[in-house]
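These are the residues of each chain, in order.
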There are 2 protein chains.
Amino acid sequence: MRHFDLEMNDLKKRLVDMAEIVQEMIKISVDMIVKRDINLAKEVFNRERETNLTEIVVDDICLKLIALNQPVGTDLRFITSAMKINSDLERMGDEAVNICEIGDNLLKYPDLKPLIDIPKMSNAIISMVRDSICAFNTSDADLADTVLSKDDDVDELKRTIIKDLLEFMTNTSDKTMLIRAMDLMFIAKNLERLGDHATNIAEDVIFMVHGKDIRHLKSI
Amino acid sequence: MRHFDLEMNDLKKRLVDMAEIVQEMIKISVDMIVKRDINLAKEVFNRERETNLTEIVVDDICLKLIALNQPVGTDLRFITSAMKINSDLERMGDEAVNICEIGDNLLKYPDLKPLIDIPKMSNAIISMVRDSICAFNTSDADLADTVLSKDDDVDELKRTIIKDLLEFMTNTSDKTMLIRAMDLMFIAKNLERLGDHATNIAEDVIFMVHGKDIRHLKSI
């Protein structure tokens, strides 16, 4: 195998590993709220430092791969897509941290049962992340396409969560209940944003595989 | 001037123009709510189509610039930063559309006075976008630095808005009042996200100018 191919494989592996960590971060951040375990936040914060460092290393690898190998076509698209996916994964880590920060406030109060569909939404998001990065790993544009359609289901789930929480808020005059319901709404919004990032990754994969945009724009 | 330099200037100009449109989109989306003018949403939707197209064109230009000129160092960092800034600007356009979609619901009800500090927050965000893209245009890392510090002010403003709205929600049992207050909260969250994108652009500019991360990581 050429040195360049080895380095491209190394780049791919780093992003797959980073996505694995991001999936854990999402799971742990929601577990923190479900299990009411404030200590889980620390695990998310530690992993965030890891993803921040990985982002810098991956960007550096990409720039060097371009500068030293002057790739074109699919290889160049692979590297620039990797840079974008790298950014998305790092920002997903930030979102998991945001969820923990909201959780930190939420756990000051007694449980607001039920947690509505937040764990269900979180599982759906994790599966979108897994599929989008698997599509990247195997250059599978069809799998990436399925991620795009899942995003609609997640949006629907978010709408239901917000509707249920609003119903709950209407029927209480307790300020702390309102705060807790709002915190859960914000968590649903954070999860929605995580889904958007997974969608962005899937779109990058489709572009990487097909070079669709460039073909579409040749006449411009 | 070399052909390559002309193309680099053209790329820069496209991003500056795109950022101008994004600033208008943010302004119009908040104006829609302040002036209670549903027709303004159409202007935002039209501009979003424009930014979507620009994103594709700019990405294409960047890939061709790399493939045909094999740039290294500052030039390569400029182009890859341009690709990232391009992504951020397009997503900012999406956020303005999100604000209009919330506004569409909000305008079904009578005005919820006051609009708290949302117009103030919006102005602060627009100034962050302007400065971040001006920093990109003039390769001014110091100006980019000021954007990062402004983000803290915007976060503070968001916290005040949410606190004020929560106070408002506590003192009402009217469901439509709750919905309107929540919509305003979501708009504040959208504005916060817009600020995050401007911060990302500023960080890209600092990296582009100093190549800080690469230098920092040479020993890894």
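Quick summary incoming for the structure in this document. Quick caveat: nothing in here was measured; it's all calculated off a predicted structure.

## Points about the packing of helix α2 (residues 40-69) of chain B against helix α3 (residues 73-106) of chain B
Residues and elements named next belong to chain B. The N-to-C vectors of α2 and α3 enclose an angle of 165°; their axes lie 9 Å apart at closest approach. On the basis of their axis angle, the class for α2 and α3 is roughly antiparallel. Pair α2 / α3 crosses with left-handed handedness. Considered class by class, the residues forming the contact of α2 with α3 number 15 nonpolar, 6 polar and 5 charged.

## With respect to the interface of chain A and chain B
The interface is formed by 39 residues belonging to chain A together with 39 residues belonging to chain B. Summed over both sides, the interface of chain A with chain B buries roughly 3900 Å², with 69% coming from carbon and sulfur. On the surface where chain A and chain B come into contact, there are 8 salt bridges. Between Arg91 of chain A and Asp88 of chain B there is a salt bridge whose closest N-O contact spans 2.9 Å. In this structure, the connection of chain A to chain B is made through 6 residue pairs in polar contact (both at pLDDT 80 or more). At the level of elements, α2 (40-69), α3 (73-106), α5 (141-170), α6 (175-210) and α7 (212-217) of chain A are the ones that each hand at least two residues to the side of chain A that touches chain B. Class assignment for the residues of the side of chain A that touches chain B results in 21 nonpolar, 6 polar and 12 charged.

## Some points on the relation of the copies chain A and chain B
Expressed as a screw transformation, the operator carrying chain A onto chain B has a rotation angle of 180° and an axial translation of 0.0 Å, and the superposed copies differ by an RMSD of 0.0 Å. The transformation relating the two chain copies, once decomposed into turn and shift, fits a two-fold axis. For chain A, the residue whose C-alpha comes nearest the rotation axis is Gln70 of chain A, separated from it by 2.8 Å. Interface overlap between copies: 100% of the residues of chain A at the interface are likewise at the interface in chain B, consistent with a symmetric, same-surface contact.

## Structural notes on the nonpolar core
Of all hydrophobic cores here, the largest spans 133 residues; its most connected members are Leu89 and Leu191 of chain A together with Leu89 and Leu191 of chain B. Other than its neighbours up to four places away in sequence, Leu191 of chain A contacts Ile26, Val30, Ile99, Ile118, Met121, Ser122 and Ile125 of chain A.

## Section: the pattern of salt bridges
All names here are of chain A. Under the counting rule described, the total for this entry stands at 34 salt bridges over all chains. Here Lys189 and Glu192 are joined by a salt bridge, their closest N and O atoms 3.8 Å apart. Residue Lys189 and its partner Glu192 are both found in helix α6; the two are separated by 3 residues, about one turn of the helix. A residue is classified by how much of its surface remains accessible, and Lys189, at 13% relative accessible area, is buried.

## Structural notes on the side chain of Ser122 of chain B
Tracing the chain through its elements places Ser122 of chain B in helix α4 (residues 118-137). Those residues in contact with Ser122 of chain B, other than ones at most four positions away along the chain, are Ile26, Val30 and Leu191 of chain B.

## Quick look at the packing of aromatic side chains
Under the criterion given, the structure shown has 3 aromatic pairs over all chains. When the ring of Phe78 of chain A is compared with that of Phe136 of chain A, the centres are 5.3 Å apart and the planes differ by 10°; the resulting orientation is stacked. Pair noted here: Phe78 of chain A is in helix α3 and Phe136 of chain A is in helix α4 (residues 118-137), with a separation of 58 residues, a long-range link. The exposure classification of Phe78 of chain A matches that of Phe136 of chain A, with both residues buried. Ring geometry for Phe186 of chain A against Phe186 of chain B: centres 6.5 Å apart, planes inclined by 75°, an arrangement best described as edge-to-face. Residue Phe186 of chain A is located in helix α6, and its partner Phe186 of chain B is located in helix α6 (residues 175-210); the two belong to separate chains. A relative accessible area of 6% means that Phe186 of chain B is categorised as buried. Between the NZ or CZ atom of Arg77 of chain B and the centre of the ring of Phe207 of chain B, over which it lies, the distance is 5.9 Å.

## Quick look at the environment of Leu166 of chain B
One can find Leu166 of chain B in helix α5 (residues 141-170). When the C-alpha positions of Leu166 of chain B and Ala181 of chain B are compared, they lie 7.9 Å apart, and in sequence the two are 15 residues distant. Residues contacting Leu166 of chain B, with those up to four places away along its chain left out, are Lys175, Leu178, Ile179 and Met182 of chain A together with Met185 of chain B.

Thresholds applied
- Residues numbered from 1 in each chain as written.
- Chains lettered and ligands numbered in written order.
- Predicted model: local features only at pLDDT ≥ 70, side-chain atom pairs only at ≥ 80, totals over all residues.
- Heavy atoms only, no water.
- Axes fitted to C-alpha atoms, helices over the stretch in contact; angles between N-to-C directions.
- Helix = DSSP H or I, 4+ residues; strand = E, 2+ residues; numbered from the N terminus.
- Parallel < 35°, antiparallel > 145°, perpendicular 65-115°, else oblique.
- Left-handed = near helix turned anticlockwise from the far one by under 90°.
- Nonpolar A, V, L, I, M, F, W, Y, C, P; charged D, E, K, R; others polar.
- Contact = heavy atoms within 4.5 Å.
- Buried area = accessible area lost by both parts, 1.4 Å probe.
- Salt bridge = Lys/Arg side-chain N within 4 Å of Asp/Glu carboxyl O.
- Polar contact = N/O pair within 3.5 Å; in protein donor to acceptor, adjacent residues only side chain to side chain.
- Least-squares fit on C-alpha atoms with pLDDT ≥ 70 in both.
- Core = buried A, V, L, I, M, F, W, Y, C linked by side-chain atoms within 4.5 Å.
- Buried < 20%, exposed > 50% of the residue type's maximum accessible area, 1.4 Å probe, protein only.
- Phe/Tyr/Trp six-rings, centres within 6.5 Å; stacked < 30°, edge-to-face > 60°.
- Lys NZ or Arg CZ within 6 Å of the ring centre and 35° of its normal.

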